[in-house]
Amino acid sequence: MRIVSGIQPTGNLHLGNYLGAIRNWVAMQDEWTAKGATCLYFLADLHAISMPHNPADLAASTRDMVAALVACGIDPDRSILFNQAQVAAHAELQWLLAGTARMGWLNRMTQWKDKAGKNREGASVALFTYPVLQAADVLLYQATHVPVGEDQKQHLELARDIAQKFNADFASDDAPVFTLPAPIIPPQAARIMSLRDGTAKMSKSDASDQSRINLTDDADTIMQKVKKARTDPEPLPHEPAGLADRAEARNLVGIYAALTGRDVASVLTEFGGQGFGRFKPALGDLLVDRLAPIAARYRALREDRAALDAILSAGAHKARDAAQPTLDAAYAALGLVRAVG
């Protein structure tokens, strides 16, 4: 079994990144490697250049993401952790698959429509072909399973369509070039919202640092941000239905539930009827307890650029070895003559 998943490198990592994605990667590593599976986790820096970006920021964010993943529990000795740019096979296979992917398939991709907006003529070719690179990312390693959320189901379906057509066009039934990856539906990821606006996702791009809990925040900063988080004057309800029209209250209770592995109903059983004057300090203490060890290790790792580069280099070496047989098979299936040795 091979599990493959990628994440775009983003700077200024926050609680939403941790609870929404990174924590699930750690759980998969711990569960699936114990069963003998290989987990490959990559930083999608090639995907990042499909949109306008600052090169220096991208390089820094890539290293920051490595530090965050390791600080949160990704073990480079148990998982293969690398960035796409160090494994040329990703870009090579994307081009080999470009002859199989169809314009109509890509035109229907929701992400293309959303990101290009009304200015499709001005969007980059990389943005349009982004899903083909995503297909290459997983097919390259003969991934048997790929974790997907609601927003990624369409991309995995496209990868399967490309693999099926390639196998049908260029391979025999008893010797397919590509494995068709199956989805893993991870536990419902916590959707963490802004501390200043419960209707907007927590984001690094928000102008107010008070809107988010950063992984680099110290204990005093975390507690101060929680205490200043926007709320309403009503006490917490005893049932989840009572949070329906209270976005900020729902967000804070949801954070508490996600950190403790409980459901919202259980949290309200404990805190229902109490005001935020009592709930916020409890939430702040919980955040400090869970995030302080991560933050300390993250800050230390970020300062050691050589160690981060070494992690990426070692992971890329393993990834290149894992990718080569599939890349060779794809070239051969297409009738492309390459140098031997």
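Our structure is the block above this text.
Residues numbered from 1 in each chain as written. Predicted model: local features only at pLDDT ≥ 70, side-chain atom pairs only at ≥ 80, totals over all residues. Heavy atoms only, no water.

## Concerning the overall build of the protein
Phase 1 of the analysis: Check the secondary structure of the protein and you find 13 helices and five strands.
Phase 2 of the analysis: In terms of overall dimensions, the protein has C-alpha extents of about 70 × 40 × 40 Å along its principal axes.
Phase 3 of the analysis: Pairs at least 24 residues apart make up 74% of the contacts formed inside the protein by residues separated by at least 6 positions.
Phase 4 of the analysis: A total of about 16000 Å² of accessible surface is found on the protein, and carbon and sulfur atoms cover 52% of it.
Phase 5 of the analysis: Side chains of the protein carry 36 positive and 38 negative charges; the gap between the two charge centres is 3 Å. (Helix = DSSP H or I, 4+ residues; strand = E, 2+ residues; numbered from the N terminus. Contact = heavy atoms within 4.5 Å. Areas by Shrake-Rupley, 256 points an atom, 1.4 Å probe, with all protein chains shown as cover. Lys, Arg positive; Asp, Glu negative; His and termini not counted. Charge placed at Lys NZ, Arg CZ, Asp CG, Glu CD.)

## Here we look at the nonpolar core
Phase 1 of the analysis: Counting residues in each nonpolar core, the largest one holds 61 residues, and the members touching the most others are Leu15, Ile255, Phe279, Leu287 and Leu291.
Phase 2 of the analysis: Here this core takes 10 residues from helix H12 (residues 276-302), the largest share from any one element.
Phase 3 of the analysis: Membership of the second largest hydrophobic core comes to 44 residues, among which are Ala44, Ile80, Phe128 and Leu139. (Core = buried A, V, L, I, M, F, W, Y, C linked by side-chain atoms within 4.5 Å. Buried < 20%, exposed > 50% of the residue type's maximum accessible area, 1.4 Å probe, protein only.)

## Points about helix H13 (residues 305-333)
Phase 1 of the analysis: For H13, which comprises 29 residues, the first-to-last C-alpha distance of 41 Å matches the rise-based estimate of 42 Å (1.5 Å per residue) to within 8%.
Phase 2 of the analysis: Where H13 bends most, the angle comes to about 35 degrees, and this point is alanine 323, followed within four residues by the proline proline 325.
Phase 3 of the analysis: The set of residues buried in H13 consists of Leu308, Ile311, Leu312, Gly315, Ala316, Ala319, Ala322, Ala323, Thr326, Leu327, Ala330 and Tyr331.
Phase 4 of the analysis: Once H13 ends, the next one or two residues include glycine 335, with phi positive near 80 degrees. (Expected span 1.5 Å × (residues − 1). Bend = angle between axes of the 7 residues up to and from the residue.)

## Here we look at the side chain of asparagine 214
Phase 1 of the analysis: In this structure, asparagine 214 sits in the loop between strand E5 (182-184) and helix H9 (219-228).
Phase 2 of the analysis: Within polar-contact distance, the side chain of asparagine 214 engages the side chain of aspartate 209 at 2.8 Å.
Phase 3 of the analysis: Setting aside anything within four residues of it in sequence, one finds asparagine 214 in contact with Asn12, Leu13, His14, Asp209 and Lys225. (Polar contact = N/O pair within 3.5 Å; in protein donor to acceptor, adjacent residues only side chain to side chain.)

## Considerations on the pattern of salt bridges
Phase 1 of the analysis: All told, the structure shown has 14 salt bridges when counted by the stated rule.
Phase 2 of the analysis: Of the charged contacts in the structure, one is a salt bridge between glutamate 31 and lysine 35, with a shortest N-O distance of 3.2 Å.
Phase 3 of the analysis: You can call glutamate 31 partly exposed: its relative accessible area is 42%.
Phase 4 of the analysis: Where aspartate 309 meets arginine 63, a salt bridge forms, and the shortest distance between an N and an O atom there is 2.8 Å. Of this pair, aspartate 309 sits in helix H13 while arginine 63 sits in helix H3 (residues 55-72); the two residues are 246 residues apart in sequence, bridging distant segments of the chain.
Phase 5 of the analysis: With relative accessibility at 28%, the residue aspartate 309 sits in the partly exposed group.
Phase 6 of the analysis: In this structure arginine 63 comes out as buried when scored by relative accessible area, which is 19%.
Phase 7 of the analysis: Because the salt bridges share partners, they merge into one network encompassing Asp209, Arg212, Asp217 and Lys225. (Salt bridge = Lys/Arg side-chain N within 4 Å of Asp/Glu carboxyl O.)

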